[in-house]
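The lines below spell out each chain.
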Amino acid sequence: MSKLVTIFGGAGFVGRYVARRMAKEGWRVRVVSRRPNDAIFVRPYGVVGQVEPVFANIRDEASVRQVLAGADAVVNCAGLLAEHGGNSFEAVQADGAERVARLAAEAGIGHFVQLSAIGADSAAASAYARTKAAGEEGVLRHMPDAVILRPSIIFGAEDEFFNRFAGMTGMSPVLPLVGAKTRFQPVYVDDVAQAAVMGATGRAAPGIYQLGGPDVGSFRDLMGQMLDIIQRRRLVVGVPFWIARIMAGGFGLVKVLSLGLVPAPLTSDQVVNLRHDNVVAPGAKTFADLGIEPSSLQAVLPDYLWRYRPSGQYAAIKDSAKNLKT
């Protein structure tokens, strides 16, 4: 019988790519979601019955134990960009990660992959970074041979980074950036998924890997590259951190007063995170140690950002038509 992998957050941005690759490897795949009916789209990743969305809540012991039964490997992609209700950074990224690892160890599961982030640090001012580090520590307590992946900002067709800012260009002539000078090393989502699959199948040595793509640039540089691709001119304005803190506080107040119905586009914790560069550290294990050559921004971004061009899918045709003689 084919081996079985359980993927927490398997219907999320990174998890769906891991699920697709694991299915291609011939594994049976359990895609764990709190709303499995919204994860039906993963089923065509394999043959009938090979990829199945299942219910579990990473904060609930019984449901986590149930979806781990019979698994040969676990990939934990569950994480948050912002807290909402009971899904706090502590509950999901720290306690949740350790819970999955503890129960996986009790079940005798051989391979464990934890998706963390560059900047994970137990002494960080950011709750996001602190809980990512706490999650790593909790995983290693129970699964010392785990593979931990720390990617920089992740990009791809469903990302909330380039899509978000490209979408903003259709509404405003100004593109405000908090941390315009902060450096990033964007990494393609499918490259991260490939690294996760290597860990889940035992082809990657245990340890912590920092994952960054071949392009390193400031936030402003990345937005400039994006603007070139979508063929728009916008004024890129750096927002000082002290103003960003006030903005984040105001957004947070609106979220509270609306009982969470109006999400905050910027949080105080994100402002803290944006103060620090998000690039691979010297001497860290990287894609090179996995034998993976990461994709560049130029090789991927045009494939999904074209829809933000003024002429959308017809931009290339219009450019070509300019060369026609009248």
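Rules behind the numbers
Residues numbered from 1 in each chain as written. Predicted model: local features only at pLDDT ≥ 70, side-chain atom pairs only at ≥ 80, totals over all residues. Heavy atoms only, no water. Buried < 20%, exposed > 50% of the residue type's maximum accessible area, 1.4 Å probe, protein only. Helix = DSSP H or I, 4+ residues; strand = E, 2+ residues; numbered from the N terminus. Pairing = 2+ DSSP bridges. 1 Å grid on protein atoms, 1.4 Å probe; cavity = no way out; pocket = protein on both sides within 12 Å on 5 of 7 lines; lining within 4 Å. Points joined across faces, edges and corners; volume = space filled by probe spheres on them. Nonpolar A, V, L, I, M, F, W, Y, C, P; charged D, E, K, R; others polar. Axes fitted to C-alpha atoms, helices over the stretch in contact; angles between N-to-C directions. Parallel < 35°, antiparallel > 145°, perpendicular 65-115°, else oblique. Left-handed = near helix turned anticlockwise from the far one by under 90°. Contact = heavy atoms within 4.5 Å.

### A few points about the pairing of strand β1 (residues 4-8)
Here comes step 1: Of all five residues making up β1, five are buried, and the element is well covered by its neighbours.
Here comes step 2: Burial along β1 is two-sided: L4, T6 and F8 and V5 and I7, pointing in opposite directions, are all buried.
Here comes step 3: Bridge count for β1 against strand β2 (residues 28-33) is five bridges, and the pairing is parallel. Paired with V5 across the bridge in β2 is V29.

### Some remarks on the layout of surface pockets
Gaps between atoms show up when a probe of the same size as a water molecule is rolled over them.
Here comes step 1: For the second largest pocket, the calculated volume is near 190 Å³.
Here comes step 2: Around the second largest pocket, the lining comprises 14 residues; the ones closest to its centre are A82, E83, K255, T267 and S268.
Here comes step 3: Among the elements of the structure, α8 (241-257) and α9 (268-273) are those that each provide at least two residues to the lining of the second largest pocket.
Here comes step 4: If you tally residues by element for the lining of the second largest pocket, the top one is α8, at three residues.
Here comes step 5: Its residues assigned to classes, the lining of the second largest pocket shows six nonpolar, five polar and three charged.

### As for the packing of helix α1 (residues 15-24) against helix α6 (residues 189-200)
Here comes step 1: Two elements in contact, α1 and α6, have axes whose closest approach is 8 Å; the angle formed by their N-to-C orientations is 55°. By the angle between their directions, the pair α1 and α6 is classed as oblique. Handedness of the α1/α6 crossing: right-handed. Residue-level inspection shows Y17, V18, R21 and M22 of α1 in contact with α6, the latter providing V189, D190, A193, Q194, A196, V197 and A200.
Here comes step 2: For the contact of α1 with α6, the class distribution of residues is eight nonpolar, one polar and two charged.

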